[in-house]
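Coordinate inspection notes
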Amino acid sequence: GAVVSQHPSRVICKSGTSVKIECRSLDFQATTMFWYRQFPKQSLMLMATSNEGSKATYEQGVEKDKFLINHASLTLSTLTVTSAHPEDSSFYICSAQAGGRYEQYFGPGTRLTVT
Amino acid sequence: QQQVKQSPQSLIVQKGGIPIINCAYENTAFDYFPWYQQFPGKGPALLIAIRPDVSEKKEGRFTISFNKSAKQFSLHIMDSQPGDSATYFCAASVRNNDMRFGAGTRLTVKP
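The notes below deal with the structure included here. (Residues numbered from 1 in each chain as written. Chains lettered and ligands numbered in written order. Predicted model: local features only at pLDDT ≥ 70, side-chain atom pairs only at ≥ 80, totals over all residues. Heavy atoms only, no water.)

Here we come to the overall build of chain B. Helix and strand content of chain B: zero helices and eleven strands. Listing every helix and strand of chain B by position from the N terminus yields β-β-β-β-β-β-β-β-β-β-β. Scaling as 2.2 N^0.38, a compact globule of 111 residues should have a C-alpha radius of gyration of about 13 Å, and chain B matches this with 13 Å. Taking the principal axes of the C-alpha coordinates as reference, chain B spans close to 40 × 30 × 20 Å. Looking at chain B as a whole, 45% of its 111 residues are labelled buried. Once local pairs closer than 6 in sequence are excluded, the contacts in chain B between residues at least 24 apart make up 52%. When the accessible area of chain B is evaluated, it comes to approximately 5,500 Å², of which 47% is carbon and sulfur surface. Looking at charge distribution, chain B has the averaged site of its 13 positive side-chain charges lying 5 Å from that of its 8 negative ones. (Helix = DSSP H or I, 4+ residues; strand = E, 2+ residues; numbered from the N terminus. Rg over C-alpha atoms; globule rule 2.2 N^0.38 Å. Buried < 20%, exposed > 50% of the residue type's maximum accessible area, 1.4 Å probe, protein only. Contact = heavy atoms within 4.5 Å. Areas by Shrake-Rupley, 256 points an atom, 1.4 Å probe, with all protein chains shown as cover. Lys, Arg positive; Asp, Glu negative; His and termini not counted. Charge placed at Lys NZ, Arg CZ, Asp CG, Glu CD.)

Structure representation (structure tokens):
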């Protein structure tokens, strides 16, 4: 149980284009989903927290107009990186949490490369 | 501001050894302390977690020791194997809110 998937696993896009990453909880309902960014050999940096049906809460320093988060259902959240630039290249990981639970279960991550 | 401090940054042990990874926190409101294991290019996997009302929790070869007064907790891996070589992250959260991660420990278990 507690399986979280992400799609795509890796994506290469040109500078200036937008890319969407999907995060799905496959066997439980995720009232809360989190999006993290991880640079090589570094820890996970929380970008935003999204609750189903509500606007996402962004961490300080994260541009909400650049990283659009939608959590329209209890099993799906999407992160759209708009007008991507090479500095947005990173490993993006989502996690999902069931209502009232402490555990966060992570997806396998998406490697984004902006050329 | 790093809310959870993790050490050491890297650790090398021989097969069968018992690596110990330590974490310290400041926020006394934290009430959930998980450990995650991450292999290169993969997402973190929940390994074991503890609440502050107990001082130790064991699951298989993994044990968390928790010292509430010192605001410290640690992960012990018994009978470590080369397959345990990975990066380990401690974390802490208040209730079921967003989690704060340590910097990570890169563990290498030599055969």
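Read on for the rest.
On to the pairing of strand β6 (residues 56–59) of chain B. All names here are of chain B. Sheet topology places β6 next to strand β7 (residues 62–67); four bridges connect them, and they run antiparallel. Its bridge partner lying in β7, lysine 58 is registered against threonine 63. Adjacent in sequence and paired antiparallel, β6 and β7 are bridged by two residues, among which glycine 60 carries a positive phi angle near 60 degrees. (Pairing = 2+ DSSP bridges.)

With that settled, consider the interface of chain B and chain A. Bring the parts together and some accessible area is lost; that lost area is often taken as the interface size. Facing the 22 residues of chain B at the interface are 22 residues of chain A. Of the roughly 1,600 Å² buried between chain B and chain A on both sides combined, carbon and sulfur atoms contribute 56%. Across the chain B-chain A interface, the total number found is one salt bridge. Salt-bridge contacts for arginine 100 of chain B lead to glutamate 59 of chain A; the nearest nitrogen and oxygen are separated by 3.3 Å. Where chain B meets chain A, there are seven residue pairs in polar contact (both at pLDDT 80 or more). (Buried area = accessible area lost by both parts, 1.4 Å probe. Salt bridge = Lys/Arg side-chain N within 4 Å of Asp/Glu carboxyl O. Polar contact = N/O pair within 3.5 Å; in protein donor to acceptor, adjacent residues only side chain to side chain.)

The next point concerns the state of the cysteines. Taken as a whole, this structure holds two disulfides over all chains when the rule is applied. In this model cysteine 23 of chain A forms its disulfide with cysteine 94 of chain A; the gap between the sulfur atoms is 2.0 Å. One quick way to see it: the torsion about the S-S bond of cysteine 23 of chain A and cysteine 94 of chain A is about 80 degrees, and its sign makes the bridge right-handed. Taken together, the positions of cysteine 23 of chain A in strand β3 (residues 19–25) and cysteine 94 of chain A in strand β9 (residues 90–98) put the pair 71 residues apart, joining distant regions of the chain. Given the relative accessible area of 0%, cysteine 23 of chain A is considered buried. Sulfur-sulfur distance for the disulfide between cysteine 23 of chain B and cysteine 90 of chain B comes to 1.8 Å. Where cysteine 23 of chain B bonds to cysteine 90 of chain B through sulfur, the torsion about that S-S bond is close to -95 degrees, and the disulfide is left-handed. One end of the pair, cysteine 23 of chain B, is in strand β3 (residues 20–25); the other, cysteine 90 of chain B, is in strand β9 (residues 86–93), and 67 residues separate them in sequence. Classification of cysteine 90 of chain B as buried rests on a relative accessible area of 0%. Left unpaired, cysteine 13 of chain A is separated from the closest cysteine sulfur, that of cysteine 94 of chain A, by 18 Å. For cysteine 13 of chain A, a relative accessible area of 10% translates into the label buried. (Disulfide = S-S within 2.5 Å.)

This part covers the sheet that holds strand β8 (residues 72–77) of chain B. Consider a sheet: its strands pair through backbone hydrogen bonds, and that pairing is either parallel or antiparallel. Residue and element names in this part refer to chain B. What the five strands build is an open sheet, ordered β1-β3-β8-β7-β6; its pairing is antiparallel. Looking along the sheet, the strands with just one partner apiece sit at the ends: β1 (4–7) and β6. Strand-to-strand twist across the sheet, computed as the mean angle between neighbouring axes with direction ignored, equals 15 degrees. Relative to β3, β1 is paired through four bridges, and the arrangement is antiparallel. Bridge pairing links glutamine 6 to cysteine 23 in β3. (Axes fitted to C-alpha atoms, helices over the stretch in contact; angles between N-to-C directions.)

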